[in-house]
Number of protein chains: 2
Amino acid sequence: MSGTLVIAGLGPGDDALVTPEVSAELAAATDIVGYIPYVARVADRPGLVKHASDNRVEIDRAQHALSLAAEGRRVVVVSSGDPGVFAMASAVFEAVEAGPRQWRDLDIRVLPGITAMLAAAARAGAPLGHDFCAINLSDNLKPWAVIEKRLRLAVEADFAIALYNPRSTARPEGFARALDLLRQTCAPDRVMIFARAVSTPEEALRVVPLSEAAPEMADMRTVVLIGSSATRVIARDGPPLVYTPRSVPV
Amino acid sequence: MSGTLVIAGLGPGDDALVTPEVSAELAAATDIVGYIPYVARVADRPGLVKHASDNRVEIDRAQHALSLAAEGRRVVVVSSGDPGVFAMASAVFEAVEAGPRQWRDLDIRVLPGITAMLAAAARAGAPLGHDFCAINLSDNLKPWAVIEKRLRLAVEADFAIALYNPRSTARPEGFARALDLLRQTCAPDRVMIFARAVSTPEEALRVVPLSEAAPEMADMRTVVLIGSSATRVIARDGPPLVYTPRSVPV
(Lines give C-alpha, C1' and ligand atoms only; values in the text may rest on other atoms or scores of the structure.)
Protein backbone atom coordinates (compact mmCIF):
# COMPACT_ATOMS: atom_id res chain seq x y z
CA MET A 1 0.00 0.00 0.00
CA SER A 2 1.48 3.32 -0.99
CA GLY A 3 -1.20 5.67 0.30
CA THR A 4 -0.94 7.64 3.49
CA LEU A 5 -3.54 8.71 5.99
CA VAL A 6 -2.73 11.53 8.41
CA ILE A 7 -5.19 12.49 11.13
CA ALA A 8 -4.32 16.06 12.01
CA GLY A 9 -5.40 18.46 14.74
CA LEU A 10 -6.11 22.05 13.68
CA GLY A 11 -6.24 23.41 17.22
CA PRO A 12 -9.10 25.49 18.59
CA GLY A 13 -9.48 27.96 15.73
CA ASP A 14 -6.63 30.44 15.36
CA ASP A 15 -4.13 29.51 12.65
CA ALA A 16 -1.35 30.66 15.00
CA LEU A 17 -2.19 27.54 17.05
CA VAL A 18 -1.69 25.09 14.17
CA THR A 19 1.65 23.30 14.49
CA PRO A 20 4.16 23.56 11.63
CA GLU A 21 4.00 19.74 11.41
CA VAL A 22 0.29 19.90 10.59
CA SER A 23 0.73 22.82 8.17
CA ALA A 24 3.35 20.84 6.25
CA GLU A 25 1.04 17.84 5.90
CA LEU A 26 -1.84 20.02 4.73
CA ALA A 27 0.45 21.52 2.09
CA ALA A 28 1.46 18.06 0.82
CA ALA A 29 -2.02 16.46 0.84
CA THR A 30 -4.00 15.42 -2.22
CA ASP A 31 -7.24 15.05 -0.25
CA ILE A 32 -8.70 16.72 2.86
CA VAL A 33 -11.49 14.87 4.66
CA GLY A 34 -13.56 16.15 7.57
CA TYR A 35 -16.48 17.96 9.07
CA ILE A 36 -17.56 20.97 6.96
CA PRO A 37 -16.24 23.86 9.12
CA TYR A 38 -12.86 22.18 9.67
CA VAL A 39 -12.33 21.39 5.98
CA ALA A 40 -13.22 25.02 5.25
CA ARG A 41 -10.19 26.09 7.29
CA VAL A 42 -7.83 24.53 4.72
CA ALA A 43 -7.02 26.91 1.84
CA ASP A 44 -7.94 25.79 -1.67
CA ARG A 45 -5.16 25.13 -4.15
CA PRO A 46 -4.87 23.40 -7.53
CA GLY A 47 -4.78 19.62 -7.17
CA LEU A 48 -6.30 19.54 -3.69
CA VAL A 49 -9.62 17.72 -3.35
CA LYS A 50 -11.74 18.59 -0.34
CA HIS A 51 -14.31 16.14 1.01
CA ALA A 52 -16.51 17.89 3.56
CA SER A 53 -19.23 16.01 5.40
CA ASP A 54 -21.81 16.76 8.05
CA ASN A 55 -21.52 15.96 11.72
CA ARG A 56 -22.40 12.52 13.17
CA VAL A 57 -21.11 10.52 10.20
CA GLU A 58 -17.68 9.87 11.68
CA ILE A 59 -17.40 6.21 10.69
CA ASP A 60 -18.56 6.83 7.09
CA ARG A 61 -16.04 9.65 6.87
CA ALA A 62 -13.27 7.46 8.29
CA GLN A 63 -14.03 4.66 5.82
CA HIS A 64 -14.02 7.14 2.96
CA ALA A 65 -10.64 8.50 4.02
CA LEU A 66 -9.19 4.99 4.34
CA SER A 67 -10.51 4.03 0.89
CA LEU A 68 -8.88 7.09 -0.64
CA ALA A 69 -5.57 6.27 1.07
CA ALA A 70 -5.83 2.64 -0.12
CA GLU A 71 -6.09 4.00 -3.68
CA GLY A 72 -2.69 5.65 -3.16
CA ARG A 73 -3.88 9.16 -2.28
CA ARG A 74 -2.22 11.30 0.35
CA VAL A 75 -5.12 11.97 2.67
CA VAL A 76 -5.39 14.27 5.68
CA VAL A 77 -8.39 13.89 8.00
CA VAL A 78 -8.81 17.17 9.85
CA SER A 79 -10.18 17.57 13.36
CA SER A 80 -10.42 20.65 15.47
CA GLY A 81 -8.33 20.62 18.63
CA ASP A 82 -6.40 17.39 19.05
CA PRO A 83 -7.59 14.49 16.87
CA GLY A 84 -7.14 12.02 19.72
CA VAL A 85 -9.36 13.87 22.20
CA PHE A 86 -13.07 13.34 21.45
CA ALA A 87 -12.38 13.71 17.75
CA MET A 88 -11.67 11.72 14.57
CA ALA A 89 -8.69 9.51 15.48
CA SER A 90 -10.68 6.89 17.40
CA ALA A 91 -13.28 6.74 14.61
CA VAL A 92 -10.54 6.05 12.06
CA PHE A 93 -9.08 3.23 14.16
CA GLU A 94 -12.52 1.74 14.73
CA ALA A 95 -12.92 1.68 10.94
CA VAL A 96 -9.44 0.18 10.50
CA GLU A 97 -10.16 -2.63 12.95
CA ALA A 98 -13.51 -3.49 11.33
CA GLY A 99 -12.29 -2.96 7.75
CA PRO A 100 -10.30 -4.92 5.16
CA ARG A 101 -6.98 -6.37 6.35
CA GLN A 102 -4.95 -4.23 3.96
CA TRP A 103 -6.05 -1.01 5.68
CA ARG A 104 -3.79 -2.00 8.58
CA ASP A 105 -0.77 -1.75 6.31
CA LEU A 106 -1.42 1.84 5.32
CA ASP A 107 0.94 4.53 6.58
CA ILE A 108 -1.36 6.00 9.24
CA ARG A 109 -0.16 8.83 11.46
CA VAL A 110 -1.82 11.02 14.07
CA LEU A 111 -0.53 14.59 14.45
CA PRO A 112 -1.40 16.17 17.79
CA GLY A 113 -3.01 19.59 18.19
CA ILE A 114 -3.95 22.07 20.89
CA THR A 115 -7.12 20.61 22.38
CA ALA A 116 -9.89 22.91 23.61
CA MET A 117 -9.27 22.44 27.33
CA LEU A 118 -5.63 23.50 27.03
CA ALA A 119 -6.52 26.62 25.04
CA ALA A 120 -9.29 27.46 27.52
CA ALA A 121 -7.09 26.82 30.54
CA ALA A 122 -4.36 29.05 29.13
CA ARG A 123 -6.82 31.93 28.71
CA ALA A 124 -7.99 31.64 32.31
CA GLY A 125 -4.57 31.10 33.92
CA ALA A 126 -3.68 27.55 34.94
CA PRO A 127 -6.86 25.86 36.26
CA LEU A 128 -5.56 22.44 35.09
CA GLY A 129 -2.25 22.99 36.87
CA HIS A 130 -2.66 19.88 38.98
CA ASP A 131 -4.22 16.43 38.41
CA PHE A 132 -7.27 16.66 36.14
CA CYS A 133 -9.63 14.72 33.92
CA ALA A 134 -11.55 15.23 30.69
CA ILE A 135 -15.11 13.96 30.28
CA ASN A 136 -17.24 14.09 27.13
CA LEU A 137 -20.71 15.07 28.28
CA SER A 138 -22.39 13.93 25.08
CA ASP A 139 -24.55 10.91 25.72
CA ASN A 140 -24.87 10.06 22.03
CA LEU A 141 -22.33 7.31 22.49
CA LYS A 142 -22.61 6.32 26.14
CA PRO A 143 -25.37 6.02 28.72
CA TRP A 144 -25.93 8.94 31.07
CA ALA A 145 -25.29 6.67 34.06
CA VAL A 146 -21.65 6.29 32.93
CA ILE A 147 -21.23 10.05 32.68
CA GLU A 148 -22.73 10.58 36.11
CA LYS A 149 -20.57 7.88 37.69
CA ARG A 150 -17.41 9.36 36.18
CA LEU A 151 -18.28 12.87 37.25
CA ARG A 152 -19.00 11.71 40.79
CA LEU A 153 -15.69 9.83 41.03
CA ALA A 154 -13.80 12.76 39.49
CA VAL A 155 -15.14 15.03 42.23
CA GLU A 156 -14.25 12.44 44.87
CA ALA A 157 -10.69 12.27 43.44
CA ASP A 158 -10.62 16.09 43.60
CA PHE A 159 -9.52 16.39 39.98
CA ALA A 160 -9.94 19.61 38.09
CA ILE A 161 -12.41 18.62 35.38
CA ALA A 162 -12.82 19.59 31.72
CA LEU A 163 -16.26 18.93 30.24
CA TYR A 164 -16.34 18.63 26.45
CA ASN A 165 -19.57 18.95 24.42
CA PRO A 166 -21.49 20.06 27.51
CA ARG A 167 -24.74 20.99 25.83
CA SER A 168 -26.48 20.86 22.48
CA THR A 169 -29.98 21.81 21.38
CA ALA A 170 -30.66 18.10 20.84
CA ARG A 171 -29.85 17.29 24.48
CA PRO A 172 -30.11 20.38 26.67
CA GLU A 173 -30.76 18.48 29.91
CA GLY A 174 -27.42 16.67 30.44
CA PHE A 175 -25.42 19.68 31.54
CA ALA A 176 -28.21 20.78 33.91
CA ARG A 177 -28.02 17.33 35.53
CA ALA A 178 -24.24 17.63 35.75
CA LEU A 179 -24.62 20.99 37.52
CA ASP A 180 -27.08 19.41 39.97
CA LEU A 181 -24.59 16.67 40.74
CA LEU A 182 -21.82 19.23 41.29
CA ARG A 183 -24.05 21.24 43.64
CA GLN A 184 -24.64 18.09 45.71
CA THR A 185 -20.94 17.27 45.98
CA CYS A 186 -18.96 20.54 45.87
CA ALA A 187 -18.90 23.77 47.88
CA PRO A 188 -20.88 26.68 46.36
CA ASP A 189 -17.67 28.61 45.70
CA ARG A 190 -16.15 25.88 43.49
CA VAL A 191 -14.63 27.75 40.53
CA MET A 192 -16.16 27.22 37.09
CA ILE A 193 -14.92 28.55 33.77
CA PHE A 194 -17.12 28.70 30.68
CA ALA A 195 -14.80 29.08 27.71
CA ARG A 196 -16.51 29.54 24.37
CA ALA A 197 -14.80 29.40 20.96
CA VAL A 198 -11.38 30.22 22.38
CA SER A 199 -8.96 31.84 19.88
CA THR A 200 -11.77 32.70 17.43
CA PRO A 201 -13.51 36.08 16.96
CA GLU A 202 -16.44 34.71 18.99
CA GLU A 203 -14.28 33.95 22.02
CA ALA A 204 -15.96 34.53 25.38
CA LEU A 205 -14.66 33.59 28.80
CA ARG A 206 -16.66 33.62 32.01
CA VAL A 207 -15.45 32.73 35.52
CA VAL A 208 -18.20 32.10 38.09
CA PRO A 209 -18.62 30.23 41.36
CA LEU A 210 -20.69 27.05 41.09
CA SER A 211 -23.52 28.82 42.92
CA GLU A 212 -23.93 31.20 39.98
CA ALA A 213 -23.44 28.69 37.16
CA ALA A 214 -26.43 28.14 34.88
CA PRO A 215 -27.04 25.62 32.10
CA GLU A 216 -27.50 28.42 29.54
CA MET A 217 -23.87 29.49 30.00
CA ALA A 218 -22.75 26.50 27.88
CA ASP A 219 -23.36 25.43 24.31
CA MET A 220 -21.60 23.05 21.88
CA ARG A 221 -18.79 25.55 21.27
CA THR A 222 -18.06 25.79 25.00
CA VAL A 223 -15.64 23.79 27.06
CA VAL A 224 -16.42 23.95 30.78
CA LEU A 225 -13.57 23.78 33.28
CA ILE A 226 -14.31 22.99 36.91
CA GLY A 227 -11.60 23.69 39.45
CA SER A 228 -10.52 21.24 42.11
CA SER A 229 -11.28 22.15 45.73
CA ALA A 230 -7.86 23.87 45.82
CA THR A 231 -8.32 26.07 42.73
CA ARG A 232 -7.79 29.77 43.42
CA VAL A 233 -8.97 33.01 41.86
CA ILE A 234 -6.65 36.04 41.91
CA ALA A 235 -8.73 39.21 41.69
CA ARG A 236 -7.31 42.18 39.80
CA ASP A 237 -8.47 45.07 37.66
CA GLY A 238 -8.73 42.96 34.52
CA PRO A 239 -10.20 39.46 34.20
CA PRO A 240 -9.31 37.31 37.22
CA LEU A 241 -6.47 34.79 37.08
CA VAL A 242 -7.52 31.22 37.93
CA TYR A 243 -5.01 28.56 38.88
CA THR A 244 -4.71 25.25 40.67
CA PRO A 245 -1.63 25.05 42.91
CA ARG A 246 0.94 22.37 42.14
CA SER A 247 1.01 21.00 45.64
CA VAL A 248 -1.41 19.23 47.96
CA PRO A 249 -0.57 19.93 51.61
CA VAL A 250 0.17 16.86 53.72
CA MET B 1 3.15 48.45 34.42
CA SER B 2 4.44 48.18 30.89
CA GLY B 3 6.23 44.83 31.10
CA THR B 4 4.81 41.60 29.79
CA LEU B 5 5.14 38.05 30.99
CA VAL B 6 4.33 35.21 28.61
CA ILE B 7 4.38 31.62 29.84
CA ALA B 8 4.89 29.55 26.71
CA GLY B 9 4.77 25.84 25.93
CA LEU B 10 7.52 24.50 23.68
CA GLY B 11 5.82 21.14 23.10
CA PRO B 12 7.52 17.78 23.63
CA GLY B 13 10.78 18.47 21.80
CA ASP B 14 10.47 18.74 18.02
CA ASP B 15 10.41 22.34 16.77
CA ALA B 16 7.70 21.27 14.28
CA LEU B 17 5.43 20.98 17.32
CA VAL B 18 5.98 24.56 18.52
CA THR B 19 2.98 26.73 17.62
CA PRO B 20 3.55 29.85 15.48
CA GLU B 21 2.05 31.87 18.35
CA VAL B 22 4.87 30.72 20.64
CA SER B 23 7.56 31.20 17.99
CA ALA B 24 6.42 34.81 17.49
CA GLU B 25 6.64 35.54 21.21
CA LEU B 26 10.10 34.00 21.45
CA ALA B 27 11.21 36.21 18.56
CA ALA B 28 9.90 39.34 20.31
CA ALA B 29 11.22 38.58 23.80
CA THR B 30 13.97 40.47 25.60
CA ASP B 31 14.39 37.75 28.24
CA ILE B 32 13.90 33.97 28.30
CA VAL B 33 13.50 32.33 31.70
CA GLY B 34 13.31 28.61 32.42
CA TYR B 35 14.84 25.27 33.21
CA ILE B 36 18.26 24.83 31.55
CA PRO B 37 17.34 22.36 28.73
CA TYR B 38 14.23 24.33 27.74
CA VAL B 39 16.05 27.67 27.62
CA ALA B 40 18.69 25.96 25.48
CA ARG B 41 16.03 25.28 22.85
CA VAL B 42 15.67 29.01 22.16
CA ALA B 43 18.20 30.28 19.61
CA ASP B 44 20.59 33.02 20.70
CA ARG B 45 20.31 36.42 19.07
CA PRO B 46 21.63 39.92 19.82
CA GLY B 47 19.64 41.61 22.58
CA LEU B 48 18.17 38.42 23.99
CA VAL B 49 19.07 37.60 27.59
CA LYS B 50 18.69 33.99 28.67
CA HIS B 51 18.16 33.10 32.33
CA ALA B 52 18.55 29.34 32.76
CA SER B 53 18.06 27.70 36.14
CA ASP B 54 18.12 24.22 37.58
CA ASN B 55 15.10 22.05 38.32
CA ARG B 56 13.10 22.36 41.57
CA VAL B 57 13.47 26.12 41.90
CA GLU B 58 10.15 26.93 40.20
CA ILE B 59 9.02 29.65 42.62
CA ASP B 60 12.39 31.44 42.59
CA ARG B 61 12.33 31.31 38.80
CA ALA B 62 8.76 32.63 38.67
CA GLN B 63 9.62 35.52 41.01
CA HIS B 64 12.65 36.38 38.92
CA ALA B 65 10.56 36.41 35.73
CA LEU B 66 7.90 38.61 37.37
CA SER B 67 10.57 41.03 38.64
CA LEU B 68 12.01 41.36 35.15
CA ALA B 69 8.56 41.99 33.70
CA ALA B 70 7.86 44.59 36.41
CA GLU B 71 11.03 46.39 35.25
CA GLY B 72 9.43 46.70 31.83
CA ARG B 73 11.10 43.76 30.11
CA ARG B 74 9.34 41.48 27.68
CA VAL B 75 9.78 38.12 29.36
CA VAL B 76 8.96 34.62 28.14
CA VAL B 77 8.99 31.78 30.66
CA VAL B 78 9.48 28.56 28.70
CA SER B 79 8.09 25.16 29.67
CA SER B 80 8.21 21.93 27.77
CA GLY B 81 4.84 20.57 26.67
CA ASP B 82 1.98 22.79 27.80
CA PRO B 83 2.84 25.32 30.52
CA GLY B 84 -0.47 24.68 32.31
CA VAL B 85 0.02 20.91 32.67
CA PHE B 86 2.46 20.08 35.49
CA ALA B 87 4.70 22.93 34.39
CA MET B 88 5.53 26.58 35.08
CA ALA B 89 2.17 28.38 34.78
CA SER B 90 0.87 27.40 38.23
CA ALA B 91 4.19 28.35 39.82
CA VAL B 92 3.99 31.80 38.25
CA PHE B 93 0.45 32.35 39.53
CA GLU B 94 1.43 31.14 43.00
CA ALA B 95 4.17 33.78 42.94
CA VAL B 96 1.75 36.43 41.67
CA GLU B 97 -0.74 35.73 44.44
CA ALA B 98 1.93 35.85 47.16
CA GLY B 99 3.84 38.74 45.62
CA PRO B 100 3.56 42.55 45.48
CA ARG B 101 0.14 43.87 44.44
CA GLN B 102 1.52 45.48 41.27
CA TRP B 103 2.46 42.08 39.80
CA ARG B 104 -1.27 41.47 39.29
CA ASP B 105 -1.42 44.37 36.86
CA LEU B 106 1.26 43.00 34.55
CA ASP B 107 0.24 41.77 31.12
CA ILE B 108 0.46 38.03 31.83
CA ARG B 109 -0.47 35.51 29.15
CA VAL B 110 -0.24 31.73 28.92
CA LEU B 111 0.35 30.21 25.47
CA PRO B 112 -0.67 26.56 25.21
CA GLY B 113 1.55 23.82 23.82
CA ILE B 114 1.41 20.14 22.90
CA THR B 115 1.61 18.38 26.22
CA ALA B 116 3.45 15.05 26.53
CA MET B 117 0.37 12.84 26.81
CA LEU B 118 -1.08 14.16 23.56
CA ALA B 119 2.18 13.63 21.69
CA ALA B 120 2.52 10.14 23.16
CA ALA B 121 -1.09 9.23 22.43
CA ALA B 122 -0.74 10.37 18.83
CA ARG B 123 2.28 8.12 18.33
CA ALA B 124 0.42 5.09 19.67
CA GLY B 125 -2.91 5.72 17.92
CA ALA B 126 -5.72 7.17 20.03
CA PRO B 127 -5.51 5.64 23.52
CA LEU B 128 -7.02 8.81 25.06
CA GLY B 129 -9.93 8.72 22.60
CA HIS B 130 -12.50 8.56 25.36
CA ASP B 131 -12.75 10.03 28.90
CA PHE B 132 -9.33 10.21 30.55
CA CYS B 133 -7.31 11.77 33.35
CA ALA B 134 -3.78 13.00 33.96
CA ILE B 135 -1.99 12.36 37.24
CA ASN B 136 1.43 13.65 38.28
CA LEU B 137 3.14 10.73 40.00
CA SER B 138 5.77 12.90 41.64
CA ASP B 139 5.25 12.99 45.38
CA ASN B 140 7.54 15.99 45.87
CA LEU B 141 4.48 18.19 46.24
CA LYS B 142 1.76 15.88 47.51
CA PRO B 143 1.52 12.90 49.83
CA TRP B 144 1.57 9.45 48.28
CA ALA B 145 -1.85 8.70 49.82
CA VAL B 146 -3.39 11.35 47.54
CA ILE B 147 -1.76 9.81 44.46
CA GLU B 148 -2.96 6.35 45.43
CA LYS B 149 -6.52 7.53 46.08
CA ARG B 150 -6.69 9.33 42.73
CA LEU B 151 -5.30 6.34 40.85
CA ARG B 152 -7.80 4.02 42.52
CA LEU B 153 -10.75 6.29 41.69
CA ALA B 154 -9.50 6.78 38.13
CA VAL B 155 -9.53 3.02 37.62
CA GLU B 156 -13.00 2.79 39.17
CA ALA B 157 -14.21 5.53 36.77
CA ASP B 158 -12.62 3.52 33.93
CA PHE B 159 -10.70 6.51 32.63
CA ALA B 160 -7.73 6.07 30.37
CA ILE B 161 -4.89 7.45 32.50
CA ALA B 162 -1.77 9.45 31.71
CA LEU B 163 0.96 9.33 34.36
CA TYR B 164 3.42 12.24 34.27
CA ASN B 165 6.81 12.11 36.00
CA PRO B 166 6.38 8.42 36.78
CA ARG B 167 9.82 7.73 38.12
CA SER B 168 13.04 9.44 39.07
CA THR B 169 16.25 8.18 40.60
CA ALA B 170 15.37 10.14 43.75
CA ARG B 171 12.06 8.27 44.16
CA PRO B 172 12.14 4.97 42.28
CA GLU B 173 9.49 3.26 44.41
CA GLY B 174 6.37 5.28 43.55
CA PHE B 175 5.80 3.87 40.10
CA ALA B 176 6.33 0.31 41.39
CA ARG B 177 3.59 0.94 43.94
CA ALA B 178 1.34 2.35 41.21
CA LEU B 179 1.89 -0.83 39.17
CA ASP B 180 0.98 -2.94 42.22
CA LEU B 181 -2.24 -0.99 42.63
CA LEU B 182 -3.08 -1.43 38.94
CA ARG B 183 -2.46 -5.18 39.18
CA GLN B 184 -4.91 -5.38 42.09
CA THR B 185 -7.64 -3.49 40.22
CA CYS B 186 -7.26 -4.18 36.48
CA ALA B 187 -7.17 -7.25 34.26
CA PRO B 188 -3.68 -8.52 33.31
CA ASP B 189 -4.25 -7.57 29.67
CA ARG B 190 -4.89 -3.88 30.46
CA VAL B 191 -2.95 -1.96 27.78
CA MET B 192 0.03 0.13 28.86
CA ILE B 193 2.14 2.47 26.74
CA PHE B 194 5.56 3.66 27.80
CA ALA B 195 6.37 6.70 25.68
CA ARG B 196 9.82 8.14 26.19
CA ALA B 197 11.05 11.48 24.81
CA VAL B 198 8.46 11.57 22.04
CA SER B 199 9.45 13.65 19.01
CA THR B 200 13.13 13.75 20.02
CA PRO B 201 16.00 11.62 18.66
CA GLU B 202 15.72 9.50 21.84
CA GLU B 203 12.06 8.63 21.23
CA ALA B 204 11.06 5.11 22.24
CA LEU B 205 7.57 3.65 22.39
CA ARG B 206 6.62 0.39 24.01
CA VAL B 207 3.15 -1.19 24.20
CA VAL B 208 2.75 -3.99 26.74
CA PRO B 209 -0.04 -5.63 28.73
CA LEU B 210 -0.07 -4.75 32.42
CA SER B 211 1.14 -8.27 33.19
CA GLU B 212 4.44 -7.50 31.43
CA ALA B 213 4.92 -3.94 32.68
CA ALA B 214 7.96 -3.34 34.88
CA PRO B 215 9.06 -0.28 36.88
CA GLU B 216 12.30 -0.04 34.87
CA MET B 217 10.34 0.72 31.71
CA ALA B 218 9.75 4.29 32.94
CA ASP B 219 12.02 7.20 33.81
CA MET B 220 11.56 10.98 34.15
CA ARG B 221 11.44 11.43 30.37
CA THR B 222 8.63 8.89 30.05
CA VAL B 223 4.90 9.49 30.09
CA VAL B 224 2.94 6.32 30.84
CA LEU B 225 -0.49 5.85 29.30
CA ILE B 226 -2.85 3.24 30.71
CA GLY B 227 -5.84 2.25 28.62
CA SER B 228 -9.37 2.03 29.94
CA SER B 229 -10.94 -1.44 30.12
CA ALA B 230 -12.23 -0.82 26.58
CA THR B 231 -8.89 0.12 24.98
CA ARG B 232 -8.02 -2.02 21.97
CA VAL B 233 -4.81 -3.05 20.22
CA ILE B 234 -4.84 -3.58 16.46
CA ALA B 235 -2.05 -5.97 15.50
CA ARG B 236 -0.28 -5.44 12.18
CA ASP B 237 3.15 -5.89 10.64
CA GLY B 238 4.48 -2.60 12.06
CA PRO B 239 3.98 -1.26 15.57
CA PRO B 240 0.45 -1.97 16.86
CA LEU B 241 -2.26 0.68 16.80
CA VAL B 242 -3.81 1.37 20.20
CA TYR B 243 -7.15 3.15 20.55
CA THR B 244 -10.01 3.67 22.95
CA PRO B 245 -13.41 3.52 21.25
CA ARG B 246 -15.62 6.60 21.40
CA SER B 247 -18.63 4.75 22.70
CA VAL B 248 -19.53 2.86 25.86
CA PRO B 249 -22.17 0.18 25.13
CA VAL B 250 -25.43 0.52 27.08
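Residues numbered from 1 in each chain as written. Chains lettered and ligands numbered in written order. Predicted model: local features only at pLDDT ≥ 70, side-chain atom pairs only at ≥ 80, totals over all residues.

1. Focus: the overall build of chain A
Reasoning step 1: If you tally the helices and strands in chain A, you get seven helices and 13 strands.
Reasoning step 2: Computed over its C-alpha atoms, the radius of gyration of chain A comes to 20 Å, within 12% of the 18 Å expected for a compact globule of 250 residues.
Reasoning step 3: Structurally, chain A occupies a C-alpha span of about 55 × 40 × 40 Å along its principal axes.
Reasoning step 4: A total of 250 residues make up chain A; the buried ones form 52% of that total. (Helix = DSSP H or I, 4+ residues; strand = E, 2+ residues; numbered from the N terminus. Rg over C-alpha atoms; globule rule 2.2 N^0.38 Å. Buried ≥ 20, exposed ≤ 12 C-beta atoms within 10 Å, placed from the backbone.)

2. With respect to the packing of helix H3 (residues 58-70) of chain B against helix H4 (residues 88-98) of chain B
Residues and elements named next belong to chain B.
Reasoning step 1: Contact pair H3 / H4: the axes reach a minimum separation of 8 Å and the direction vectors enclose 65 degrees. Comparing the axis directions of H3 and H4 gives the class roughly perpendicular. Regarding H3 and H4, the two cross each other, and that crossing is right-handed. Across the interface between the two elements, Glu58, Ile59, Ala62, Gln63, Ala65 and Leu66 of H3 pack against Met88, Ala91, Val92, Glu94, Ala95 and Val96 of H4.
Reasoning step 2: Residue composition of the contact of H3 with H4, grouped by class: nine nonpolar, one polar and two charged. (Axes fitted to C-alpha atoms, helices over the stretch in contact; angles between N-to-C directions. Parallel < 35°, antiparallel > 145°, perpendicular 65-115°, else oblique. Left-handed = near helix turned anticlockwise from the far one by under 90°. Contact = placed C-beta atoms within 7 Å. Nonpolar A, V, L, I, M, F, W, Y, C, P; charged D, E, K, R; others polar.)

3. Some thoughts on the pairing of strand E8 (residues 160-164) of chain A
Residues and elements named next belong to chain A.
Reasoning step 1: Burial analysis of E8 places five of its five residues in the buried class, which makes it a mostly covered element.
Reasoning step 2: Burial of E8 is two-sided: the residues Ala160, Ala162 and Tyr164 facing one way and the residues Ile161 and Leu163 facing the other way are all buried.
Reasoning step 3: Relative to E8, strand E7 (residues 132-136) runs parallel, the two being bridged by five bridges. Bridging across to E8, Cys133 finds its partner in Ile161.
Reasoning step 4: Between the parallel elements E7 and E8, the chain passes through helix H6 (residues 144-156) in a crossover that is right-handed.
Reasoning step 5: As defined by bridge partners, E8 adjoins strand E11 (residues 222-226) across three bridges and the pair is classed as antiparallel. Note that in E11 the partner of Leu163 across the bridge is Val224. (Pairing = 2+ DSSP bridges. Right-handed = clockwise from strand over helix to strand, strands pointing away.)

4. Describing the interface of chain A and chain B
Reasoning step 1: Contact residues are listed per partner, giving 59 residues for chain A and 59 residues for chain B.
Reasoning step 2: With seven residues, helix H4 (residues 88-98) of chain A is the single largest residue contributor to the side of chain A that touches chain B.
Reasoning step 3: A breakdown of the residues in the side of chain A that touches chain B according to their chemical character gives 35 nonpolar, nine polar and 15 charged.
Reasoning step 4: Where E7(A) and strand E7 (residues 132-136) of chain B come together, three bridges link them in antiparallel fashion. Along E7(B), the bridge assignment pairs Ala134(A) with Phe132(B).

5. Notes on the domain arrangement of chain A
Residues and elements named next belong to chain A.
Reasoning step 1: Annotation of chain A at the domain level lists domain 1 (4-114) and domain 2 (117-243).
Reasoning step 2: For domain 1 versus domain 2, the separation of C-alpha centres amounts to 28 Å.
Reasoning step 3: Counting residues at the interface gives seven residues for domain 1 and 10 residues for domain 2. (Domains from an automatic or database assignment.)

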